[in-house]
Amino acid sequence: MTIYLLIAFILLGVLIVILNKYTRKKSAKNEEPEQKSTPISDGECCGAHEICEKTGKYNPQFKPDYYDDEELDVYKGINPEDYTEEQIAEFEEVLMTMKESDVAGWLRSLQLRGIEPPYSVREKAIMILG
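Caption draft 1: Up close: the overall build of the chain. On a plain count of helices and strands, the chain comes out with four helices and zero strands. Going residue by residue from the N terminus, the α and β elements of the chain occur as α-α-α-α. Burial statistics for the chain: of 130 residues in total, 20% are counted as buried. Contacts in the chain between residues at least 24 apart in sequence constitute 60% of all its contacts with a sequence separation of at least 6. Entry remark: accessible area of the chain is about 10,400 Å², with carbon and sulfur atoms responsible for 56%.

Here it is as C-alpha cells:
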C-alpha cells in the first residue's frame, strides 16, 4: 500500500511539473514583448514617428511622397481659409485624378510638406477615405 502511495505522489509531482511548464510557455506567448522606451530630452523627437508626438514637429527622417502635385508646394504655410476659388480648384483637380488608395498618403504628404489643404478639399478627401 505504501508503494502505491509513493508512486501516486511521484506521478502527481511529474504531472505538476509538466503542467507548470506548459502554462508558462502558453502565458509567455500571450504576453506582449516589453517595448524599450528611449528617454526624450525636452524639445527633441525620438524619431519613431512621422510627426513627433511630443513636440508636434515634423520628423526629418521621413520624406514626403509626391503625387504629381509639386505645383501645390507654393501653398506651404497658407491658412486653409485664405485660398481663392482657383487655388481650391488646383487641389480638387489633384484629388479627383488620384486613386482612392492614394488619398491617405497624399494627405500625409501634404502635412509633411507643411501644406494645409482647403477645408472643402479636406472634407472630400475624408469622404473618399470613409
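Back to the text.
Caption draft 2: Broad picture of the nonpolar core. L72, F91, W106 and I115 are the most contacted members of the largest nonpolar core, which totals 14 residues. Here this core takes four residues from helix 2 (residues 85-96), the largest share from any one element. What W106 contacts, discounting residues up to four positions off in sequence, is Y67, D69, L72, F91, V94, L95, M98 and V121.

Caption draft 3: Spatial organisation of the packing of aromatic side chains. What the rule picks out here adds up to three aromatic pairs. For the ring pair Y75 and Y83, a centre distance of 5.6 Å and an interplane angle of 85° mean the geometry is edge-to-face. No difference in accessibility class separates Y75 from Y83, as the two residues are buried. Note on Y75 and F91: the rings are 5.4 Å apart at their centroids and 35° apart in plane angle, and the pair reads as tilted. Residue Y75 is found in the loop between helix 1 (2-30) and helix 2, and its partner F91 is found in helix 2; the two are separated by 16 residues along the sequence. A relative accessible area of 0% means that F91 is categorised as buried.

Caption draft 4: Just a negative patch on the surface, in detail. Taken together, the side chains of D68, E70, E71 and E93 define an acidic patch exposed on the protein surface. Following the sequence through the fold, E71 ends up in the loop between helix 1 and helix 2. For E71, a relative accessible area of 37% corresponds to the partly exposed category.

Reading guide: rules and limits
Residues numbered from 1 in each chain as written. Predicted model: local features only at pLDDT ≥ 70, side-chain atom pairs only at ≥ 80, totals over all residues. Heavy atoms only, no water. Helix = DSSP H or I, 4+ residues; strand = E, 2+ residues; numbered from the N terminus. Buried < 20%, exposed > 50% of the residue type's maximum accessible area, 1.4 Å probe, protein only. Contact = heavy atoms within 4.5 Å. Areas by Shrake-Rupley, 256 points an atom, 1.4 Å probe, with all protein chains shown as cover. Core = buried A, V, L, I, M, F, W, Y, C linked by side-chain atoms within 4.5 Å. Phe/Tyr/Trp six-rings, centres within 6.5 Å; stacked < 30°, edge-to-face > 60°. Patch = residues over 30% accessible without salt bridge, like charges linked within 9 Å, V, L, I, M, F, W, Y side chains within 5 Å. Salt bridge = Lys/Arg side-chain N within 4 Å of Asp/Glu carboxyl O. Lys, Arg positive; Asp, Glu negative; His and termini not counted. Charge placed at Lys NZ, Arg CZ, Asp CG, Glu CD.

The analysis is restricted to geometry; functional conclusions fall outside its scope.
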